[in-house]
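Chain by chain, the residues run as shown.
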Amino acid sequence: MKNFWCEVYSEKILDNLNIIKKLSGEKKLIAVVKGNAYGLGIEGISEILDPYVDYFAVSDMEEAQKVNTEKEILLLSPLVTINDFNSNMNNIIYTVDNEKIIEKLPVDKDYKVHIYVDTGMSRMGIAADRLDDVIYKLSKDFTNIRIDGIYTHLHNTKNRKYTIKQINTFKNIVLKYKDIIPNIHCLNSSGVLNDEYVRLCDFTNMVRAGNVIYGYDGASKGLKKVFSFKAKVVNVCEVKSGQYIGYGCTYKAKKDMHLGILGFGNIEHFGFVKEVKHGIIYDLAKVVYNHIKFRPILFAEGRGVRILGRPNMNVTLIDMDGINSDSIITVDITPILADSAVKKIYF
Ligand SMILES: *Cc1c(COP(=O)(O)O)cnc(C)c1O
């Protein structure tokens, strides 16, 4: 895909890390690189982050193997299974997120764990009122295990009252371990962005963040989007007034024009989804809306580029009016949803 690629700017990543440090009050950082580093390429992103973060976090062992680091990698709840504990990687910190697994934990090797406590998400997790027993049991029966941390997840940060209650529940059960267990954490990206939550989490010493590192979130705090999709115009052709353009005859040229051909389409999830039939009212409303309001997702020379007809599997057609054939087109799509095979170039 040499005509379509994703640029990732390490300078912006480092700027974001500095802002996160300030926002969090200099807490340690667990860089979450699950989901192929939020679509940006787990190998490349971990290499950039490695010198600047304290731990990495992923959601399964397949991802862990791709992280370019000698540092420790936390295997997050809720996808940890007992099989993972038998991994031969020696820098994995496993999450213990249920009591049933404890009986089966390996005793023949030394490793670290973090305990995941459920404070309201009801996904996995040790019940808050069971934490003491679990810590007691792990300490007594497993001399090979080091309890390196305790965490919970803030899953409803838009609701202030709910989140404060969650933080307080967590605080009440972990405060007594503050000087015994090295790492206590619950702030994720939306937690770090909220000054009040950060203040209330003064008993924690780490944050566990993904979105803010990549700039998907936090523009109001100066965090920058660290990536940009780019495309080159592969071919240009001439179209006469009155000719239909592309599949389905959804666009008819109103004048003689030049048409640019871009080498990407639905296969990269450009436009996110294939057209779905919603019924006539919806379709009409959409046509009217798109007609009145031109919301570009392609840009060249600092302005929106018009897409002609419907993008198909791997081709998108554009109006070349005012665009040079050697222009680089910026494509506003999100890597989380885009095909992870799109080539990444790290700067
Ligand atoms: C994904 C995830 C995070 C990171 O969330 P962001 O909103 O990207 O900061 C933190 N903790 C857990 C358990 C996660 O699954």
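Details of the structure are given in the entry above.
These notes cover the structure that comes with them. (Residues numbered from 1 in each chain as written. Predicted model: local features only at pLDDT ≥ 70, side-chain atom pairs only at ≥ 80, totals over all residues. Heavy atoms only, no water.)

1. What to know about the site of the ligand
For step 1, the next point in the chain: Neighbouring the ligand are the residues Val-32, Lys-34, Tyr-38, Leu-76, His-153, Asn-188, Ser-189, Arg-208, Ala-209, Gly-210 and Asn-211.
For step 2, the next point in the chain: In the environment of the ligand, an oxygen atom lies 3.0 Å from a nitrogen or oxygen atom belonging to the backbone of Gly-210.
For step 3, the next point in the chain: At 2.8 Å, a backbone N or O of Asn-211 approaches an oxygen atom of the ligand.
For step 4, the next point in the chain: Elements with a contribution of two residues or more to the shell around the ligand: helix 2 (34-38) and strand 10 (206-209).
For step 5, the next point in the chain: Here the residues of the shell around the ligand sort into four nonpolar, five polar and two charged. (Near = heavy atom within 4 Å. Polar contact = N/O pair within 3.5 Å; in protein donor to acceptor, adjacent residues only side chain to side chain. Helix = DSSP H or I, 4+ residues; strand = E, 2+ residues; numbered from the N terminus. Nonpolar A, V, L, I, M, F, W, Y, C, P; charged D, E, K, R; others polar.)

2. Let's talk about the nonpolar core
For step 1, the next point in the chain: Val-33, Leu-49, Leu-105, Ile-150 and Tyr-214 are the most contacted members of the largest nonpolar core, which has 99 residues in total.
For step 2, the next point in the chain: Leave out the neighbours within four places in its chain, and Val-33 touches Ile-42, Ile-45, Leu-49, Phe-56, Ala-57, Val-58, Val-67 and Tyr-214. (Core = buried A, V, L, I, M, F, W, Y, C linked by side-chain atoms within 4.5 Å. Buried < 20%, exposed > 50% of the residue type's maximum accessible area, 1.4 Å probe, protein only. Contact = heavy atoms within 4.5 Å.)

3. Re the state of the cysteines
For step 1, the next point in the chain: Taken as a whole and assessed by the stated rule, the structure comprises zero disulfides.
For step 2, the next point in the chain: Of all cysteine sulfurs in the structure, the one in Cys-201 sits closest to Cys-186, which takes part in no disulfide; the separation is 3.5 Å. (Disulfide = S-S within 2.5 Å.)

4. With respect to the environment of Ser-190
For step 1, the next point in the chain: By the element assignment, Ser-190 lies in helix 7 (residues 189-192).
For step 2, the next point in the chain: Distance from Ser-190 to Thr-81, taken between C-alpha atoms, is 27 Å for residues 109 residues apart in sequence.
For step 3, the next point in the chain: The contacts of Ser-190, once residues within four sequence positions are left out, are Thr-157 and Tyr-197.
For step 4, the next point in the chain: Looking at Ser-190, its side chain comes within polar contact range of the side chain of Thr-157, at 2.9 Å.

5. A look at the packing of helix 1 (residues 10-23) against helix 3 (residues 42-49)
For step 1, the next point in the chain: As a packed pair, helix 1 and helix 3 sit with axes 10 Å apart at the nearest point and diverge in direction by 55°. With respect to each other, helix 1 and helix 3 are oriented oblique. Considering the relative orientation of helix 1 and helix 3, their crossing is right-handed. Each of Ser-10, Ile-13 and Leu-17 in helix 1 lies in contact with helix 3, whose residues at this interface are Ile-45, Ile-48 and Leu-49.
For step 2, the next point in the chain: Of the residues that constitute the contact of helix 1 with helix 3, the class distribution is five nonpolar, one polar and no charged. (Axes fitted to C-alpha atoms, helices over the stretch in contact; angles between N-to-C directions. Parallel < 35°, antiparallel > 145°, perpendicular 65-115°, else oblique. Left-handed = near helix turned anticlockwise from the far one by under 90°.)

6. Description of the pairing of strand 18 (residues 328-331)
For step 1, the next point in the chain: The side-chain alternation of strand 18 yields one buried face, formed by Ile-329 and Val-331, and one unburied face, formed by Ile-328 and Thr-330.
For step 2, the next point in the chain: The pairing of strand 11 (residues 227-239) with strand 18 spans four bridges and is classified as antiparallel. The residue of strand 18 that forms the bridge with Lys-232 is Ile-328.
For step 3, the next point in the chain: Two strands pair when backbone bridges link them, and strand 15 (residues 298-300) and strand 18 are joined in this way by two bridges, in the antiparallel orientation. (Pairing = 2+ DSSP bridges.)

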